[in-house]
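Breakdown of the fold
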Amino acid sequence: MDLEDIAARLGVPVEDVERVHRLAGDQPSAPLPARADAPALLDRLAVRPDDAAEIMAGWPDPDSALWTPELCWLLDRSIALVRADLGGHVWLPPGPELPRERGNAWRHLYVYAYLALVDVVRGYHRDHGVPDAVSWLTLADLGRNLAVDRRMRGEGWPVMQSWLTLHVRGGVYELGRLQHHRGGTTLGLHIPESGPLTPEAITASLDEARAFFPRHFPDERYTEFSCGSWLLDPQLREYLPEDSNIVRFQRRFELEPYEEPEGLDADVEVLRFTFRTLSTPLDQLPRRTALQRAIVDHLAAGRHWQWRQGRFPI
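Residues numbered from 1 in each chain as written. Predicted model: local features only at pLDDT ≥ 70, side-chain atom pairs only at ≥ 80, totals over all residues. Heavy atoms only, no water.

**Re the pattern of salt bridges**
Using the criterion set out here, one finds 23 salt bridges in the structure. Salt-bridge contacts for Asp85 lead to Arg169; the nearest nitrogen and oxygen are separated by 2.6 Å. You can see Asp85 sitting in the loop between helix 5 (69-83) and helix 6 (104-107) and its partner Arg169 sitting in the loop between helix 10 (157-163) and strand 1 (172-175), a full 84 residues away along the chain. Since its relative accessible area comes to 27%, Asp85 is described here as partly exposed. (Salt bridge = Lys/Arg side-chain N within 4 Å of Asp/Glu carboxyl O. Helix = DSSP H or I, 4+ residues; strand = E, 2+ residues; numbered from the N terminus. Buried < 20%, exposed > 50% of the residue type's maximum accessible area, 1.4 Å probe, protein only.)

Set out below in structure tokens:
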């Protein structure tokens, strides 16, 4: 099969297939775990039973009729593409967005790639002395993201499939309440859906990171924490009390001057992370919390949210 044929069979632009071919290069792929070992691995990665059942139903067995030659090619080369950047920390789409309604093999192709890379990145972690507990906590973001995508009726996955390549390249580490993203001299902060954003939990995570990275990545020198998020939008202070967790989180940062981010719609991101929907009309969204009411009222008034960048010294 040539690349144009693969693209046509996948129903994606040929440029996307050419990109996978180019970035994967001659890098070898990595094998999936044995099918018999997969349920225990999925459980350890916090994958819910309903998602695990779909993943097992579409498992890439050699004799599976679900796995056409073009899907097998994409799975193999997607694994190789991500593996080729082991240790990297930039955003990396693993392949084209697929028509996931075509079945479990299509829906979960990049999940199978993630599973194949678990042993690869755990070897990278061991080489850097990263404790097993941190490895598994970090990698279990797979289950969290699959659960979110199910709640979003599939609207969340195109972003998540790229985000999760950071975990299996050793670019992100979950330390307590926050995920810490390596890169340059800055540790980027990400906020998973894992409980209240209390000042105590944030401080504990930052303190853990201050010890973790010099210990496990001594050749890298980090001088500041940074975060890019709608949670740093000062407009939230018009609606939230000064002692709210979000406002207290904001106070840690020195904000950069506002610039409209290219290719990112803050209103969409607010809806994605707060309500886990992109298609529900504003007047049908829940208003149970002060944050939910603030977001709906702000948008209903014809105003827009901002994606803001901030930083503070380590």
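Read on for the rest.
**Quick word on the sheet that holds strand 3 (residues 186-190)**
The pairing of strands in a sheet happens through backbone hydrogen bonds and is either parallel or antiparallel. If you trace the 6 strands from one edge of the open sheet to the other, you get 1-2-3-4-6-5, paired in mixed fashion. For this open sheet the edge positions go to strand 1 and strand 5 (254-255), each flanked by a neighbour on one side alone. With 2 bridges connecting them, strand 5 and strand 6 (residues 308-313) associate as antiparallel partners. Note that in strand 6 the partner of Glu254 across the bridge is Arg311. (Pairing = 2+ DSSP bridges.)

**Remarks on the pairing of strand 1**
What you see with strand 1 is no split at all: Val172 and Glu174 on one side and Tyr173 and Leu175 on the other are buried throughout. In the sheet, strand 1 pairs with strand 2 (residues 178-181) via 4 bridges, with the strands oriented antiparallel. The partner of Val172 across the bridge, within strand 2, is His181. Between strand 1 and strand 2, which pair antiparallel in sequence order, lie 2 residues; one of them, Gly176, sits at a positive phi of approximately 70 degrees.

**A closer look at the side chain of Ser162**
Mapped onto the fold, Ser162 is located in helix 10. Those residues in contact with Ser162 that lie beyond four places of it in its chain are Trp91, Leu92, Pro93 and Pro94. (Contact = heavy atoms within 4.5 Å.)

**Quick notes on the packing of helix 1 (residues 3-10) against helix 5**
Helix 5 packs onto helix 1 with a crossing angle of 105 degrees between their chain directions and a minimal axis gap of 9 Å. On the basis of their axis angle, the class for helix 1 and helix 5 is roughly perpendicular. Where helix 1 approaches helix 5, its residues Leu3, Ile6, Arg9 and Leu10 are matched on the opposing element by Glu70, Leu71, Trp73 and Leu74. (Axes fitted to C-alpha atoms, helices over the stretch in contact; angles between N-to-C directions. Parallel < 35°, antiparallel > 145°, perpendicular 65-115°, else oblique.)

**Concerning the environment of Pro281**
Inspection of the secondary structure puts Pro281 in the loop between helix 13 (266-274) and helix 14 (290-300). Judged by relative accessible area, Pro281 falls into the partly exposed class, the value being 39%. In sequence terms Pro281 and Trp305 are 24 residues apart; their C-alpha atoms lie 17 Å from each other.

**A short note on the nonpolar core**
Ranked by size, the top nonpolar core spans 55 residues in total, and within it Leu10, Leu45, Ile55, Leu115 and Leu142 carry the most contacts. At 12 residues, the largest contribution of residues to this core is made by helix 7 (residues 109-127). Excluding residues that lie within four positions of it along the chain, Leu10 makes contacts with Val17, Glu70, Leu71, Leu74, Leu98, Pro99, Arg102 and Trp106. Grouped together as the second largest cluster of nonpolar side chains are 22 residues, Leu175, Leu189, Phe213 and Phe225 included. (Core = buried A, V, L, I, M, F, W, Y, C linked by side-chain atoms within 4.5 Å.)

**Focus on helix 13**
Within helix 13, 7 of the 9 residues are buried, leaving the element largely enclosed by the surrounding structure. If you check which residues of helix 13 are buried, you get Ala266, Asp267, Glu269, Val270, Leu271, Arg272 and Thr274. Next to the buried residues of helix 13 lie helix 10 and helix 14. At the N-terminal boundary of helix 13, the capping side chain belongs to Asp265, with an oxygen 2.9 Å from the backbone nitrogen of Asp267. At the C-terminal side of helix 13, Arg276 shows a positive phi close to 55 degrees. (Polar contact = N/O pair within 3.5 Å; in protein donor to acceptor, adjacent residues only side chain to side chain.)

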